[in-house]
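For reference, the chains in residue letters:
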Amino acid sequence: MMENFGWLMLWGVLVGLDLVSALQTMIARPLIAGTVAGFILGDPVSGATVGVVLELFALEVLPVGGSRYPDYGLGAVCAAATAVHAPGVFGTGIGVAVGLFVAYIGGKAIYLVRVENAADVRAHRKQLDTGSSTAVTGVQLRSLGRDVVRALVVTWIGLLIAAATLRWLPVTLEVSVYLGIAAVGAGVAAGVSGVGRLTGRKSALSWFVLGLAGGLVGVVFG
Amino acid sequence: MKQGMVRSWLRSLLLQASWNYERMIGIGLAFTTEPLLRDLPGGVEGERYRAALARATQQFNGHPYLIGLAAGALARVEHEALPEEQVKRLRTALAGPLGSVGDKMVWAGLLPVASALGMVLAVWVSPTAAVLGFLVLYNAVHFVLRGWALYSGWNGGLRVGQRLGARLIKLGLRLAGPLAALTVGFALPVVGAWLVRHLDAQELVGAGLIAGVGVVFARWVWPTLGGNRFGLAAVAVALLLGWL
């Protein structure tokens, strides 16, 4: 992990910024963030696997208005870093576990950044209310800077947690299997709940059932 | 004005950087609108420019991809020198629809569709196909939507509401939910079967049990718990069970 630390940090900053502050091209989706982190670490399949599980969790998130939500993108970067370095095929569970924790921290950090942004707005209220373009640009760029710092700090803490987990957490084969079961089960639950929100209306529910049937056919004959 | 439109479109990509609990995306809206206000009579030192920019910084919220409609329309009415009260009314009238239309079309439509496609590609094709498939499909719509919004806002001005009722938007709103439900419904068994391919029967029952408990919690027992905290709790229980 250490030899790719710089690239992972850079990827973490891009992913962190993409979530809300800049572009929103969805590289912050865990599927993309985890898979690319896997590519950086030389194992895209492990990155995609934890990315898919965390993507199921992310299906539940509707980022509307001022809602608070976990940062699954940064979670996926650190999950991939953990899973790639975990022995055998049992890295998924431990990776997702780290990813969920980092996503939680990332979400809390977003709230802190927004509170700081509000303080910045209050401090420059007079200039903003008199139409100063310098003040508008200043608040915008300082806020962007805060999010860069958030992404850097959360990625750094996340990679530290990943390294500490791999080094010191006593994870036997049995524990890995249990973690894998918990991660996949909880991920599927979050995904189904997310769809539940989307398919609130009866007509959408019938489309969901149709899709489900198609997916099952695909699994059997695919 | 063409240069101003390009600048405004580029700035809209940073719109939400200053999201805050004081004015939400008000500052971001002003940051996006500013290039369109520069050629108001009197220029950037003029009274009209400063007054228009000050109005633009007030509290506002809406979907980030459709914010161009507000930026373009508000800049246009400032150029047309409409009374301040009318500008404020337009601003208030736009916030709600921009949020609901964008949320329904993008967050609850396009995004889950791209996500489902990406997951299926990851399972059936390759990680590279997943990344490319997701990003190309999503961003083809995303960037066109941003550009259309700004162009329509500027051209619509005070009548921007009619643009929100365009046939394509109506079609998008009608298709978003069913398409998302269909594709995510398809992806769930495909992804689920792939993730549990290494588990034996007993372990499968365990995963199914956790999934069932999770759905019951999310739907009926504790809807505000959220998948993240439920996942963390499940992981903690798994660790304890493993260590004991």
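Residues numbered from 1 in each chain as written. Chains lettered and ligands numbered in written order. Predicted model: local features only at pLDDT ≥ 70, side-chain atom pairs only at ≥ 80, totals over all residues.

**Remarks on the overall build of chain A**
To keep it simple, the criterion reads: A helix here means a DSSP run of H or I that spans at least four residues, while a strand means a run of E at least two residues long, and both kinds are numbered starting from the N terminus. We call a residue exposed when 12 or fewer other C-beta atoms sit within 10 Å of its C-beta, buried when the count reaches 20 or more, and partly exposed for counts in between; the C-beta positions come from the backbone. Each residue gets a C-beta atom placed from its backbone, and two residues are in contact if those atoms lie within 7 Å.
The helix and strand inventory of chain A stands at 9 helices and 0 strands. Seen in sequence order, chain A has helices and strands lined up from the N terminus as α-α-α-α-α-α-α-α-α. Each of the 222 residues in chain A was classed as buried or not, and the buried ones make up 59%. Relative to all contacts within chain A whose residues are 6 or more apart in sequence, the contacts with residues 24 or more apart total 73%.

**Comments concerning the overall build of chain B**
We apply this condition: Radius of gyration means the value over C-alpha atoms here, while the globule rule gives 2.2 Å times the residue count to the 0.38 power.
Each helix and strand counted, chain B has 10 helices and 0 strands in total. Each helix and strand of chain B, ordered N terminal to C terminal, gives the series α-α-α-α-α-α-α-α-α-α. Computed over the C-alpha atoms, the radius of gyration of chain B is 23 Å, more than 25% above the 18 Å expected from 2.2 N^0.38 for a compact globule of 244 residues. If one aligns the C-alpha atoms of chain B with their principal axes, the spans along those axes are about 75 × 35 × 30 Å. In chain B, buried positions account for 49% of the 244 residues. Across chain B, the fraction of contacts at a sequence separation of at least 24, relative to all contacts at a separation of at least 6, is 72%.

**What about the interface of chain B and chain A?**
The condition is simple: Side-chain classes follow a simple rule in which Ala, Val, Leu, Ile, Met, Phe, Trp, Tyr, Cys and Pro form the nonpolar group, Asp, Glu, Lys and Arg form the charged group, and the remainder, Gly included, forms the polar group.
Tallying the contact residues gives 84 residues for chain B and 91 residues for chain A. At 17 residues, the largest contribution of residues to the side of chain B that touches chain A is made by helix α8 (residues 167–195) of chain B. Class assignment for the residues of the side of chain B that touches chain A results in 56 nonpolar, 21 polar and 7 charged.

**Let's talk about the nonpolar core**
Formally: When buried Ala, Val, Leu, Ile, Met, Phe, Trp, Tyr and Cys residues are joined through C-beta atoms within 7 Å, the set is termed a nonpolar core. Note that domain bounds follow an automatic or database assignment of domains.
A:Ala37, A:Val77, A:Cys78, A:Ala80, A:Ala81, A:Leu179 and A:Ala182 are the most contacted members of the largest nonpolar core, which totals 154 residues. Sorting elements by how many residues they give to this core places helix α5 (residues 84–124) of chain B first, with 18 residues. A domain-level breakdown of this core finds at least three residues from each of domain 1 (2–195) and domain 2 (198–244) of chain B. Residues in contact with A:Cys78, not counting those within four places in the same chain, are A:Val98, A:Gly99, A:Val102, A:Gly158, A:Leu159, A:Ile161 and A:Ala162.

**Here we look at the environment of B:Arg89**
On the secondary structure map, B:Arg89 appears in helix α5. In sequence terms B:Arg89 and B:Leu240 are 151 residues apart; their C-alpha atoms lie 58 Å from each other.

**Regarding helix α3 (residues 47–56) of chain B**
Note the following rule: The arc refers to the directions leading from the helix axis to the C-beta atoms.
Taken as a whole, α3(B) has its buried residues at B:Tyr49, B:Ala52, B:Leu53 and B:Ala56. All buried residues of α3(B) fall inside an arc of 95° around its axis, so they share one side.

**Quick word on the packing of helix α2 (residues 26–37) of chain B against α3(B)**
Residues and elements named next belong to chain B. Put simply, the rule reads: Between N-to-C directions, angles span 0 to 180 degrees; the directions come from axes that are lines fitted to C-alpha atoms, helices contributing only their stretch in contact. Each angle gets one of four labels, with under 35 degrees taken as roughly parallel, over 145 as roughly antiparallel, 65 to 115 as roughly perpendicular, and the rest as oblique. In this scheme the handedness of a crossing depends on how the near helix is turned from the far one: anticlockwise by less than a right angle means left-handed, clockwise means right-handed.
Where α2 meets α3, the closest approach of the two axes is 9 Å, and the angle between their N-to-C directions is 155°. Here α2 is positioned roughly antiparallel relative to α3, judged by the angle of their axes. Pair α2 / α3 crosses with right-handed handedness. Between α2 and α3, the contacting residues are Leu29, Ala30, Thr33, Glu34 and Leu37 on the first element and Tyr49, Ala52, Leu53 and Ala56 on the second. Its residues assigned to classes, the contact of α2 with α3 comprises 7 nonpolar, 1 polar and 1 charged.

**So, the packing of helix α1 (residues 5–19) of chain A against helix α2 (residues 30–40) of chain A**
Residues and elements named next belong to chain A. In the contact formed by α1 and α2, the axes pass within 10 Å of each other and the chain directions differ by 165°. In terms of orientation, α1 and α2 fall into the roughly antiparallel class. Along this stretch, α1 crosses α2, giving a crossing that reads as right-handed. Contacts between α1 and α2 involve Trp7, Leu8, Trp11 and Val15 on the former and, on the latter, Ala33, Val36, Ala37 and Ile40. Residue classes in the contact of α1 with α2 are distributed as 8 nonpolar, no polar and no charged.

**Some words on the environment of B:Ala130**
The residue B:Ala130 is located in helix α6 (residues 127–156) in this model. In this structure B:Ala130 comes out as buried when scored by C-beta crowding, with 26 C-beta atoms within 10 Å. Between the C-alpha atom of B:Ala130 and that of B:Leu10, which follows or precedes it by 120 residues, the distance is 27 Å. Leaving out residues up to four positions away in the same chain, B:Ala130 has contacts with A:Leu31, A:Thr35, A:Ala48, B:Gly118, B:Leu121 and B:Ala122.

**What about the domain arrangement of chain B?**
The domain boundaries assigned to chain B delineate domain 1 (2–195) and domain 2 (198–244). Each of domain 1 of chain B and domain 2 of chain B has a C-alpha centre, and these two points are 37 Å apart.

**Describing unusual backbone geometry**
Phi is positive for A:Met26, which is not a glycine, with a value near 75°. Within the secondary structure, A:Met26 is located in the loop between α1 and α2. Take A:Met26: there are 22 C-beta atoms within 10 Å of it, and that puts it in the buried class. Although it is not a glycine, B:Met24 adopts a positive phi angle of roughly 55°. Assignment of secondary structure puts B:Met24 in the loop between α1 (2–12) and α2. Under the C-beta neighbour-count criterion, B:Met24 is labelled buried, with 22 such atoms within 10 Å.

**Quick look at the confidence of the model for chain B**
Residue and element names in this part refer to chain B. Worth spelling out the cut-off: pLDDT expresses how confident the predictor is about each individual residue, on a scale running from 0 to 100.
Taken as a whole, chain B shows an average pLDDT of 95; of its residues, 100% reach a score of 70 or greater. Within chain B, no element has a lower average pLDDT than helix α7 (residues 160–164), which sits at 90, and none a higher one than α2, at 98. Our summary of model confidence lists the complex with pTM equal to 0.96 and ipTM equal to 0.95.

**Quick look at α2(A)**
With 10 of its 11 residues buried, α2(A) lies for the most part within the structure. Taken together, the buried positions of α2(A) are occupied by A:Pro30, A:Leu31, A:Ile32, A:Ala33, A:Gly34, A:Thr35, A:Val36, A:Ala37, A:Gly38 and A:Ile40. Summarising the contacts, the buried residues of α2(A) are in contact with α1, α3 (44–58) and α4 (72–85) of chain A together with α5 and α6 of chain B. At the C-terminal side of α2(A), A:Gly42 shows a positive phi close to 85°.

**So, the environment of A:Pro170**
Residues and elements named next belong to chain A. By secondary structure assignment, the location of Pro170 is in the loop between α7 (133–168) and α8 (173–198). The exposure class assigned to Pro170 is exposed, which follows from the 8 C-beta atoms found within 10 Å. The sequence separation of Pro170 and Val113 amounts to 57 residues, and the corresponding C-alpha distance is 35 Å.

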